[in-house]
Number of protein chains: 2
Amino acid sequence: VTGSPSTPTVASLGERALIDRIRVLVGPPPPHVVIGIGHDAAVLRPDRGALTVLSTDSLIEDVHFRRAWTPPDAIGGKALAVNLSDLAATGATPRAALLSLALPPALPLSDFDEMIRGFLAAARVARVALIGGNISSSPGPLVIDTTVLGSGHPRKRLTRAGAKPGDELYLTGCVGGAAAGLAWLAAGRDAASATDEMRGAVERYARPEARWRCGSIVARTRSASAAIDLSDGLAEAARQLAEASGVGLELDASAIPVDPGMRFWAGQIGTDTLEAAVTGGEDYELLFAVPPRRRSRFLAAMRRCRDVPVTRVGIVSRPDAGEATWQRNGIVTPLPAGFRHLGG
Amino acid sequence: VTGSPSTPTVASLGERALIDRIRVLVGPPPPHVVIGIGHDAAVLRPDRGALTVLSTDSLIEDVHFRRAWTPPDAIGGKALAVNLSDLAATGATPRAALLSLALPPALPLSDFDEMIRGFLAAARVARVALIGGNISSSPGPLVIDTTVLGSGHPRKRLTRAGAKPGDELYLTGCVGGAAAGLAWLAAGRDAASATDEMRGAVERYARPEARWRCGSIVARTRSASAAIDLSDGLAEAARQLAEASGVGLELDASAIPVDPGMRFWAGQIGTDTLEAAVTGGEDYELLFAVPPRRRSRFLAAMRRCRDVPVTRVGIVSRPDAGEATWQRNGIVTPLPAGFRHLGG
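Just so it is clear, the structure is predicted and the values come from calculations on it, not from any experiment. (Residues numbered from 1 in each chain as written. Chains lettered and ligands numbered in written order. Predicted model: local features only at pLDDT ≥ 70, side-chain atom pairs only at ≥ 80, totals over all residues. Heavy atoms only, no water.)

## A look at the overall build of chain A
This is how the line gets drawn: We count a stretch as a helix when DSSP gives it H or I for four or more residues in a row; a strand needs E for two or more, and each element gets its number in order from the N terminus. The globule rule used here is 2.2 Å times the number of residues to the 0.38 power, and the radius of gyration it is set against is calculated over C-alpha atoms. Remark: exposure states derive from per-residue accessible area (1.4 Å probe, protein chains only) relative to the maximum for the residue type, with buried under 20%, exposed over 50%, and partly exposed in between. Note on contacts: a residue pair is in contact if any heavy atoms of the two residues lie within 4.5 Å.
When helices and strands are tallied, chain A shows ten helices and 13 strands. Computed over its C-alpha atoms, the radius of gyration of chain A comes to 21 Å, within 12% of the 20 Å expected for a compact globule of 344 residues. Buried residues in chain A amount to 58% of all 344 residues. Of the contacts formed within chain A by residues at least 6 apart in sequence, a portion of 85% connects residues at least 24 apart.

Now the structure itself:
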């Protein structure tokens, strides 16, 4: 990953030339972008009647990723995905992104190009226009700071705060895959020795897909009372939803869909599969609270998010603030302590 | 600046507690902020009929600043100022900011607090609401990534691209102060030995004031044909304005207002004062091109930017692409090569 003396590096080009490389890859801007990449400031035409939704998140080398474990294009894609996941939880439709990079001077130019390609590939899928940003040199880690901007309808927004007793809890996808993939990489296992399940888990870690389409469709149909994304794991998300809504959440452990890679990995190291799955971070799934009278509307909305399975995993139980529990083998206990990013 | 073992550090608190500290300092949000700091995403109500203008810029320790040379509150204020300067050049009115921080774990909590206070003090003056952001740990330098959002009227925007032959060039403030202040600090001179001029220059380096009010007023009165900010120095700004507008720019060297600190410093080290002043970066002044028929309207607009002097420094000379020259002692030569940030 580090270049030999003859490998062209980002330092050999400088900021302006690097921005020009990005501009070529970005291509012509969509109609809502008045001024795009390469200017002092970007200019956007807001959606008529919509609110502007903004989120920012960074990926920092050796805190959120290691270059040895994640290919450059995956790092670029993930930098956007973690932001789109935050936006998804609000139901906003993503529109544009700004990318602020701090680059170690020795970063190979080919890694830079791959990272930008990965970012732009993810952006194309989500119809997000890269409209600007900033490139600096870093005396330390590679830092990728992304800001995404979306538009949300004033009365069709999702927050963490709307869940009511009696609501049902639905989860997109399955949990634990990213944590298992990270654990595999951290243990120094190589890809060639991986089973299919582990390869899938490593992919989930390296190339998460944010559920922005689900968030946007569910918000537009007004079929959920609250939503949160699973950046810090299902247990932590459940606690935060419970706290913000002032309710109790009760998950049914037997209903929680666990990633096959996590089943395999937990078996290998002899740990509790379900505990590892619900405390594992970086799944970037969505947890919705859905009033029973909206259930069929919600499930119809989810069918429009092709290929994203949804599972009922519990209920909003009581109007008590903050407690999130799970029922496991007939016994109700608090959910285990959640995952925290190294970053705090 | 580095804490003793007993000094509380940011690592002793963690992300959530640090965000809570910021939230307390921010206070209640203004009416256009629907969802502010402390949530998954921020939500803003756009200005009716306005465009959304966005800019992002970062300050990286040991690239853009040194903690030993700049007090924490000045670092915080400057992180916002460099972004407001980009916005000023577009004529947008600043409204909101996002702050993404990568913090070395050993950063003293008191430095963190001072940095945030400096940022928020600058934000209050510019009526910018801090609406969100992100805090991570950094294994290397302190990184402050700021995104600002402003609103601009569709037909009252400023760009670098509108200057026409015959336009007059006007400069806010004076140049060279920040470069002199930085040179003083880099030479290891202490504050006690500084003359008043040098103290002023060090202040200009550490605590720049972006000309967002001038940019916004001039844009609204439509009295300038083009504008650019001086983050990389006057010579570089003139070249970029000339290139973007496809014109030639000719500055009158005798008219360029030079910061007294730069006069003093250049005398001390025996360098060409004017060359040092026009190539010195980080002045964050604005350079405007003004059609002669709009001159009185422009000067009336500038009088509304209290305390900001404006000087006529040259003319847009020919419809040639890209050349920026200055006339000095009767001889016309290209402007000297400009300042580049260490960052690229």
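## Examining the interface of chain A and chain B
Quite often, the size of an interface is put as the accessible area lost when its parts meet. Worth spelling out the cut-off: Take the accessible area each of two parts loses on contact, using a 1.4 Å probe, and add the two losses: that sum is the buried area. Take a side-chain nitrogen of Lys or Arg and a carboxyl oxygen of Asp or Glu: if they are within 4 Å of each other, that pair is a salt bridge. Here a polar contact means two N or O atoms within 3.5 Å. Within protein one must be a hydrogen donor candidate and the other an acceptor candidate, and residues neighboring in sequence count only if both atoms are side-chain atoms. The residue classification treats Ala, Val, Leu, Ile, Met, Phe, Trp, Tyr, Cys and Pro as nonpolar and Asp, Glu, Lys and Arg as charged. All others, Gly included, are polar.
Each side of the interface is counted separately: chain A has 51 residues, and chain B has 51 residues. Across the chain A to chain B interface the summed buried area is about 3,900 Å²; carbon plus sulfur atoms make up 57%. Linking chain A with chain B are two salt bridges. Linking D40 of chain A and R160 of chain B is a salt bridge whose minimum nitrogen-to-oxygen distance equals 2.6 Å. Where chain A packs against chain B, one counts 13 residue pairs in polar contact (both at pLDDT 80 or more). Every element with two or more residues in the side of chain A that touches chain B is listed here: β1 (33-35), β2 (42-44), β3 (51-60), β4 (93-103), β5 (129-137), β6 (143-152) and β8 (226-229) of chain A. Here the side of chain A that touches chain B takes nine residues from β3 of chain A, the largest share from any one element. Split into classes, the residues belonging to the side of chain A that touches chain B amount to 23 nonpolar, 16 polar and twelve charged.

## Looking at the relation of the copies chain A and chain B
Quick reminder of the rule: Superposition of the copies was done by least squares, using only C-alpha atoms of residues whose pLDDT is at least 70 in both.
Mapping chain A onto chain B leaves a residual RMSD of 0.0 Å; the transformation is a rotation of 180° accompanied by 0.0 Å of translation along its axis. The relationship between the two copies is best expressed as a two-fold rotation axis. Judged by C-alpha distance, G140 of chain A is the residue of chain A that lies nearest the rotation axis, at 2.5 Å. The fraction of interface residues of chain A whose copies in chain B are also interface residues reaches 100%, indicating that both copies meet through the same surface.

## Concerning the side chain of S216 of chain A
All names here are of chain A. Checked against the element boundaries, S216 lands in helix α6 (residues 212-221). When its relative accessible area of 3% is taken as the criterion, S216 is described as buried. Residue contacts for S216: discarding those within four places in its chain leaves G91, A92 and T93.

## What to know about the sheet that holds strand β5 (residues 129-137) of chain B
Our working definition: When DSSP finds two or more bridges between two strands, those strands count as paired. Note on geometry: axes are lines fitted to C-alpha atoms, helical ones only across the stretch in contact, with angles between N-to-C directions running from 0 to 180 degrees.
Ordered by their spatial adjacency, six strands build an open sheet running β1(A)-β2(A)-β3(B)-β6(B)-β4(B)-β5(B), and the pairing between neighbours is mixed. For this open sheet the edge positions go to β1 of chain A together with β5 of chain B, each flanked by a neighbour on one side alone. Across the sheet, the mean angle from the axis of one strand to that of its neighbour is 20°, orientation sign disregarded. As judged from the two bridges shared by β1 of chain A and β2 of chain A, these two strands associate in the antiparallel manner.

## Re the sheet that holds strand β9 (residues 249-252) of chain B
Residues and elements named next belong to chain B. Reading across the sheet, the seven strands line up as β8-β10-β7-β11-β9-β12-β13 and stay open at both edges, with mixed pairing between neighbours. In this open sheet, the two strands that pair with only one neighbour each are β8 (226-229) and β13 (331-334). Across the sheet, the axes of successive neighbouring strands diverge by a mean angle of 30°, strand direction being ignored. As judged from the four bridges shared by β8 and strand β10 (residues 286-290), these two strands associate in the antiparallel manner.

## Quick word on α6 of chain A
Residues and elements named next belong to chain A. Taking burial as the measure, the ten residues of α6 include eight buried ones, the bulk of the element. On the buried face of α6, the contacting elements are α2 (72-88), β4, α3 (109-125), β10 (286-290) and α10 (295-303). Downstream of α6 by a residue or two, R222 has a phi angle that is positive, lying close to 50°.

## So, helix α6 (residues 212-221) of chain B
Within α6 of chain B the residues assigned to the buried category are W212, C214, G215, S216, I217, V218, A219 and T221 of chain B. On its buried face, α6 of chain B is in contact with α2 (72-88), β4 (93-103), α3 (109-125), β10 and α10 (295-303) of chain B.

## Some points on a positive patch on the surface
Worth spelling out the cut-off: Within this analysis, patches are made of residues with over 30% relative accessible area and no salt bridge. Like charges are joined at 9 Å or less; nonpolar side chains (Val, Leu, Ile, Met, Phe, Trp, Tyr) at 5 Å or less. In these tables, accessible area is a Shrake-Rupley quantity obtained with a 1.4 Å probe, and a residue counts as shielded only by the protein chains included in the view. Working convention for charge: Lys and Arg count positive, Asp and Glu count negative, and His plus the chain ends are omitted. By convention, charge coordinates are those of NZ in Lys, CZ in Arg, CG in Asp, or CD in Glu.
The grouping of R155, R222, R293 and R297 of chain A at the surface amounts to a positive patch. Within the fold, R155 of chain A resides in the loop between β6 and β7 (168-172).

## Overview of the packing of helix α4 (residues 177-186) of chain B against helix α8 (residues 260-269) of chain B
All names here are of chain B. Counted only if it meets this: Note on terminology: angles under 35 degrees are roughly parallel, angles over 145 are roughly antiparallel, angles of 65 to 115 are roughly perpendicular, and the others are oblique. If you view the pair so one helix is near and one far, a crossing is left-handed when the near helix is turned anticlockwise from the far one by less than a right angle, and right-handed when it is turned clockwise.
Contact pair α4 / α8: the axes reach a minimum separation of 7 Å and the direction vectors enclose 45°. One way to sum up the angle between α4 and α8 is to call them oblique. For α4 against α8, the interelement crossing comes out left-handed. Two secondary-structure elements touch here, α4 through G177, A179, A180, A183 and W184 and α8 through G261, M262, F264 and W265.

## A few points about the pattern of salt bridges
In a structure, side chains of opposite charge can pair up when their charged atoms sit close to one another. Summed over the entire model, instances satisfying the criterion amount to 36 salt bridges over all chains. Of the charged contacts, one joins R295 of chain B and E168 of chain B as a salt bridge, the two residues approaching to 2.5 Å between their closest N and O atoms. In this pair, R295 of chain B sits in helix α10 while E168 of chain B sits in strand β7 (residues 168-172), placing the two residues 127 residues apart along the sequence. The class of R295 of chain B is partly exposed, set by a relative accessible area of 33%. The residue E285 of chain B makes a salt bridge to R204 of chain B at a minimum N-O spacing of 2.9 Å. Taken together, the positions of E285 of chain B in the loop between α9 (273-279) and β10 and R204 of chain B in helix α5 (residues 196-206) put the pair 81 residues apart, joining distant regions of the chain. Residues joined by salt bridges that share partners form a network here, namely D73, E203 and R207 of chain A.

## Quick word on the environment of G181 of chain A
Residues and elements named next belong to chain A. If you trace the backbone, G181 turns up in helix α4 (residues 177-186). Among the residues examined, G181 registers a relative accessible area of 0% and is labelled buried. Setting aside its immediate chain neighbours within four residues, G181 contacts M198, A201, V202 and Y205.

## Looking at the packing of α5 of chain B against α8 of chain B
Residue and element names in this part refer to chain B. Two elements in contact, α5 and α8, have axes whose closest approach is 7 Å; the angle formed by their N-to-C orientations is 115°. As far as their axial angle goes, α8 and α5 are roughly perpendicular. Two packed elements cross with a definite hand, and for α5 against α8 that hand is left-handed. Facing α5, whose interface residues are E197, M198 and A201, α8 presents P260, G261, F264 and W265.

## Section: the side chain of T9 of chain A
Residue position: T9 of chain A is located in the segment before α1 (15-26). By relative accessible area, which is 17% here, T9 of chain A ends up buried.

## What about the state of the cysteines?
Formally: A pair of sulfur atoms, both from cysteines and within 2.5 Å, is called a disulfide here.
Summed over the entire model, instances satisfying the criterion amount to zero disulfides over all chains. Free of any disulfide, C214 of chain A has its nearest cysteine sulfur in C305 of chain A, 3.2 Å distant. Its relative accessible area of 2% is what places C214 of chain A among the buried residues. Here C174 of chain B is not cross-linked by a disulfide; its sulfur's nearest cysteine counterpart is in C214 of chain B, at 13 Å. Overall, C174 of chain B belongs to the buried group, its relative accessible area being 18%.

## Comments concerning the pairing of β7 of chain A
Residue and element names in this part refer to chain A. With respect to burial, β7 is a largely interior element, five of its five residues being buried. Of the two faces of β7, both are covered, the one formed by E168, Y170 and T172 as well as the one formed by L169 and L171. Where β7 lies against β10, four bridges are found, and the strand directions are antiparallel. Opposite L169, over in β10, you have A289 as the bridge partner. When β7 meets strand β11 (residues 310-316), the two strands line up antiparallel, connected through five bridges. Paired with E168 across the bridge in β11 is I315.

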